[in-house]
Amino acid sequence: MGARVVAIANQKGGVGKTTSTLTLGAALARRGKRVLIMDLDPHANASVHLRFYPEDLDVTMYDLFMVDEAAWPGLWKRLVRRNEGQAWDVAPASIQLAELDVDLKGRKGKGAILQQAIAHVREDYDFIIIDCPPHVGILLVNALVACDLLVIPIQTDFLALHGLKLLFDTIRVLNKVLPQPIRYRALATMFDRRARACNRVLELLAQKMGPKMFNTVVGMDTRFREASAQGRVIYDLDPDSRGARAYDALAEEMLQS
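- You'll find the protein chain entered in an unreviewed UniProt entry as ParA family protein, with Nitratidesulfovibrio oxamicus given as the organism.

In structure tokens:
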């Protein structure tokens, strides 16, 4: 079976998607799990956060989609990177990923390329966590087809609720052709317990999602921003901070589910 593949996606930006990808990956690595973080967003936020700059890389996730299957084993060896002191691997992105909808236009089975490529490294990891782009296209479809679980970070804000419809529309379309329906769970993020609106949105999410909501609620924490500015994760700055503890709780939920 190998790694559990987790896609983290929401078609609204600024909901804590990349923060969730990196911090959950770090929390699992701290528990001794072998983790690969895969950046599938053309903006390359996760890659840049960890100081993997696309302009300095000779191989990125874009190449994984463009080469023949026979080249995947060798390409994976060049693609996967790790900074000194980092406890997990990274497969970085580049802006070229934005061109894939055009580049793969005539390719047969293009929605399952990532699933097939991951099969070559699945035994090397316990978790593969994919930071997805914030729009529907071939990249998001590949991530949803490849994943065992979709995690949807939802900012506890009324506007954030509207962004869910597009994502669920995409899931419904894919479920018609996939052998197994896409499993998903929602994660409440950027919660401010002092704000009445945030509490109301959390209530609505609990009513709407029921058991498909994680019990973990990620609150606001300035440490996330500080960690990003330093090219690090929150555990490097303050492993006992509110934000760090929240993703520890999420990691535990993930391991028990």
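1. Digging into the overall build of the protein chain
Part 1: Looking only at helices and strands, the protein chain has 13 helices and seven strands in total.
Part 2: Rg of the C-alpha trace for the protein chain: 17 Å, near the compact-globule value of 18 Å for 257 residues, within the 12% margin.
Part 3: On the principal axes, the C-alpha backbone points of the protein chain span a range of 55 × 45 × 30 Å.
Part 4: Residues classed as buried in the protein chain amount to 54% of the 257 residues present.
Part 5: Pairs at least 24 residues apart make up 78% of the contacts formed inside the protein chain by residues separated by at least 6 positions.
Part 6: The average position of the 33 basic charges and that of the 30 acidic charges among the side chains of the protein chain differ by 7 Å.

2. Observations concerning helix H11 (residues 222-229)
Part 1: N-capping of H11 is provided by Asp 221, with a side-chain oxygen placed 2.9 Å from the backbone N of Arg 223.
Part 2: Positive backbone phi, approximately 65°, marks Gly 231, located one or two places after H11.

3. Observations regarding the pairing of strand S4 (residues 127-131)
Note on strand geometry: in a regular strand, side chains alternate between the two faces of the sheet.
Part 1: Extensive coverage of S4 is indicated by the burial of five of its five residues.
Part 2: Side chains Phe 127, Ile 129 and Asp 131 of S4 all project onto a buried face; the interleaved residues Ile 128 and Ile 130 project onto the opposite face, where all are buried too.
Part 3: With five bridges connecting them, strand S1 (residues 4-8) and S4 associate as parallel partners. Note that in S4 the partner of Ala 7 across the bridge is Ile 130.
Part 4: Here strand S2 (residues 35-39) pairs with S4 via five bridges, running parallel. Note on S4: the bridge partner recorded for Asp 39 is Asp 131.

4. A word on the environment of Ala 197
Part 1: Looking at where Ala 197 falls in the secondary structure, it is placed in helix H10 (residues 196-209).
Part 2: For the pair Ala 197 and Gln 180, spaced 17 residues apart in sequence, the C-alpha separation works out to 36 Å.

5. A look at the sheet that holds strand S7 (residues 213-219)
The pairing of strands in a sheet happens through backbone hydrogen bonds and is either parallel or antiparallel.
Part 1: One open sheet accounts for seven strands, arranged S3-S2-S4-S1-S5-S6-S7; its pairing is parallel. Each of the sheet's edge strands pairs with one partner strand only, and the pair in question is strand S3 (89-91) and S7. Each neighbouring strand pair of the sheet contributes to a mean axis angle of 20°, computed without reference to strand direction.
Part 2: Contacts from helix H1 (residues 17-30) reach S1, S2, S4, strand S5 (149-155) and strand S6 (184-191) within the one sheet, and its direction differs from that of S4 by about 165°.
Part 3: Contacting S5, S6 and S7, H10 runs over the sheet at an angle of about 175° to S6.

6. Digging into the layout of surface pockets
Remark: the empty space left among the atoms is shown by a probe the size of a water molecule rolled over them.
Part 1: Taken as a whole, the largest pocket encloses approximately 710 Å³ of empty space.
Part 2: Among the secondary structure elements, those contributing two or more residues to the lining of the largest pocket are H1, helix H2 (45-49), S6, S7 and H11.
Part 3: Looking at the lining of the largest pocket residue by residue, the class counts come to twelve nonpolar, twelve polar and six charged.

7. Digging into the side chain of Asp 131
Part 1: Mapped onto the fold, Asp 131 is located in strand S4.
Part 2: A polar atom in the side chain of Asp 131 sits 3.1 Å from the side chain of Lys 17.
Part 3: Residues in contact with Asp 131, not counting those within four places in the same chain, are Ile 8, Lys 17, Thr 18, Thr 21, Met 38, Asp 39, Leu 40, Asp 41 and Ala 46.

Criteria and thresholds
Residue positions are given per chain, counting from 1 as you read along its sequence in written order. Only residues with pLDDT of at least 70 are given local features in this predicted model, and only at 80 or more are side-chain atom pairs given and counted; all residues enter the totals for whole chains, interfaces and linings. Derived side-chain values reflect all non-hydrogen atoms in the structure, with water molecules and hydrogen atoms excluded from consideration. Starting at the N terminus, helices and strands are each numbered in turn, a helix being any DSSP run of H or I of at least four residues and a strand any DSSP run of E of at least two. Each radius of gyration reported is based on C-alpha atoms, and the globular scaling rule is 2.2 Å times the count of residues to the power 0.38. Three exposure classes are used, based on accessible area relative to the maximum for each residue type with a 1.4 Å probe and protein chains only: buried under 20%, partly exposed in between, and exposed over 50%. Residues count as neighbours in contact if any of their non-hydrogen atoms are within 4.5 Å of one another. The sign given to each residue is positive for Lys and Arg and negative for Asp and Glu; His and the chain ends receive no count. Charged side chains are reduced to one point each, which is NZ for Lys, CZ for Arg, CG for Asp and CD for Glu. Think of a polar contact as two N or O atoms within 3.5 Å of one another; within protein, one of them needs to be a possible hydrogen donor and the other a possible acceptor, and neighboring residues in sequence only count if both atoms come from side chains. At least two DSSP bridges between two strands are required for those strands to pair. Each axis is a line fitted through C-alpha atoms, taken for helices only over the stretch in contact, and angles between the N-to-C directions span 0 to 180 degrees. Grid points spaced at 1 Å and placed over the protein atoms alone form the basis of the search, with a cavity being a set where a 1.4 Å probe fits but cannot get out and a pocket an open set showing protein on both sides within 12 Å along at least five of seven lines. Lining residues have an atom within 4 Å of a point. Grid points are joined across faces, edges and corners, and a volume is the space filled by probe spheres set on the points. Lys, Arg, Asp and Glu make up the charged group, whereas Ala, Val, Leu, Ile, Met, Phe, Trp, Tyr, Cys and Pro make up the nonpolar group; the residues left over, Gly among them, are polar.

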